[in-house]
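Take a look at the letters that make up each chain.
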Amino acid sequence: VSPGTFIPLFEENSLIRELDAYIWRETARQIRKWKDELDFSLQVSVNVSRVDLFDPNLTDNLLQILSDFSLTTDELLLEITESAYTQDSEQIIKTVENLRGLGFKIEMDDFGTGYSSLHMLSSLPIDALKLDMQFIRSAFKNGKNTRMLEIVIEIADSLSVPVIAEGVETAEQAFTLKSMGCDIIQGYYFSRPLPAAEFEHFMLENKPEPVEAWRTGKKTQRDIFTYNAMHDFLTGLYNYSAFDILFHDSDHEHIAVLIAEIDNYAETKRVNGQMHADRVVCYVADVLR
């Protein structure tokens, strides 16, 4: 059942706090289980509803859960929807600032659903920005106008706020977002949701890099290797390896491939030298881009 269907119902009948508290505790229990049995610590994000933010016992309840399972605030991350910040924002921002002061990491969830402005980002207390999956899908359909995604990522980068893209389903989306500087990508492209037992195998086979890297804005060795393997060193454009992956993942009935050749390139290189020829290649790449 879609969260969009059952969460409003739980908010209306005042059971959302009980539901959320159950989810937080079960999540903490699972993190502890993985630490004990697999010697592996995995960060998990849990939702905090707008109703929870007005609960005077919220902070004590979260701290108690961490204490009960011997976890830290780095292991249980809190997601708050973009819309929550626009309703009774002063009280909510005060609560969020208090949570951050205790070490909790706050992720703004569902950004791009139309509630807030880009200007709000500069004043909101958040540690990461999660782009809504509908925002991602809209950017990649109907002409694939991804400029708004670039603008949001650039603004977030200027504020030193990591960006997480939700709902990524294709290699094209993943590569494009990575090239824009998106810090973390999640979605069906990597895996559909899995039961805990199946996820354990997936997690051990795809052991992630330490998450500290995206917090500090530093690229991991895996990110650097992946980027270099998929991009031309001189121009930064995708290379043949990336093309093979993107082409395999594309709708072959609706794709066009443009092949360009620079006139007299060999002669230009012979007469003017390698540096001049490289500048010509970079200029052509900028035009294509």
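Preceding this paragraph is the structure being described.
A brief report on the enclosed structure follows. Predicted, not measured: the structure shown is a model, and the values here were computed from it.

Thoughts on a nonpolar patch on the surface
Right, so step 1: Taken together, the side chains of Tyr-240, Phe-243, Phe-247, Ile-255, Val-257 and Ile-259 present a nonpolar region at the surface, about 650 Å² in accessible area.
Right, so step 2: Secondary-structure assignment places Phe-243 in helix H11 (residues 240-249).

Digging into the pattern of salt bridges
Right, so step 1: Evaluation of the coordinates by the stated rule reveals 14 salt bridges.
Right, so step 2: Each of the salt bridges in this network shares a partner with another, and the network as a whole consists of Lys-33, Glu-37 and Glu-200.

A word on the sheet that holds strand E5 (residues 163-165)
Right, so step 1: Pairing in this open sheet of six strands is parallel, and the strands run E1-E2-E3-E4-E5-E6 from one edge to the other. One side of each edge strand has no neighbouring strand; the edge strands of this open sheet are strand E1 (44-47) and strand E6 (184-185).
Right, so step 2: The sheet contact formed by strand E4 (residues 128-131) and E5 spans three bridges and is parallel. Across the sheet, residue Leu-131 finds its bridge partner in E5, namely Ala-165.

Looking at the pairing of strand E2 (residues 76-81)
Right, so step 1: Here E2 lies mainly inside the structure; five of its six residues are buried.
Right, so step 2: As judged from the four bridges shared by E1 and E2, these two strands associate in the parallel manner. Bridge pairing in E2 links Asn-47 to Glu-79.
Right, so step 3: For the handedness criterion, the β-α-β arrangement of E1, helix H3 (residues 58-68) and E2 is classed as right-handed.

Each value, and the rule that gives it
- In this convention, every chain numbers its residues from 1, walking through the sequence in written order.
- For this predicted model, a pLDDT threshold of at least 70 governs which residues receive local features, and a threshold of 80 or more governs which side-chain atom pairs are given and counted, while totals over whole chains, interfaces and linings are taken from all residues.
- Based on all heavy atoms of the structure, the side-chain values leave hydrogens and waters out of the count.
- For patch building, the residue pool is restricted to those with more than 30% relative accessible area and no salt bridge; the joining distance is 9 Å between like charges and 5 Å between nonpolar side chains (Val, Leu, Ile, Met, Phe, Trp, Tyr).
- Per-residue and other accessible areas were derived by the Shrake-Rupley procedure at a 1.4 Å probe size, with only the shown protein chains allowed to occlude residues.
- The salt bridge definition used is simple: a Lys or Arg side-chain nitrogen within 4 Å of an Asp or Glu carboxyl oxygen.
- Going along the chain from the N terminus, every DSSP run of H or I of four or more residues is numbered as a helix, and every run of E of two or more is numbered as a strand.
- Here, strands pair whenever DSSP counts at least two bridges between them.
- Partly exposed describes any residue whose relative accessible area lies between the buried limit of under 20% and the exposed limit of over 50%, with all areas from a 1.4 Å probe on protein chains only and scaled to the type maximum.
- Here a crossover is taken to be right-handed if, once the strands point away from the viewer, the path from the first strand over the helix to the second is traced clockwise.

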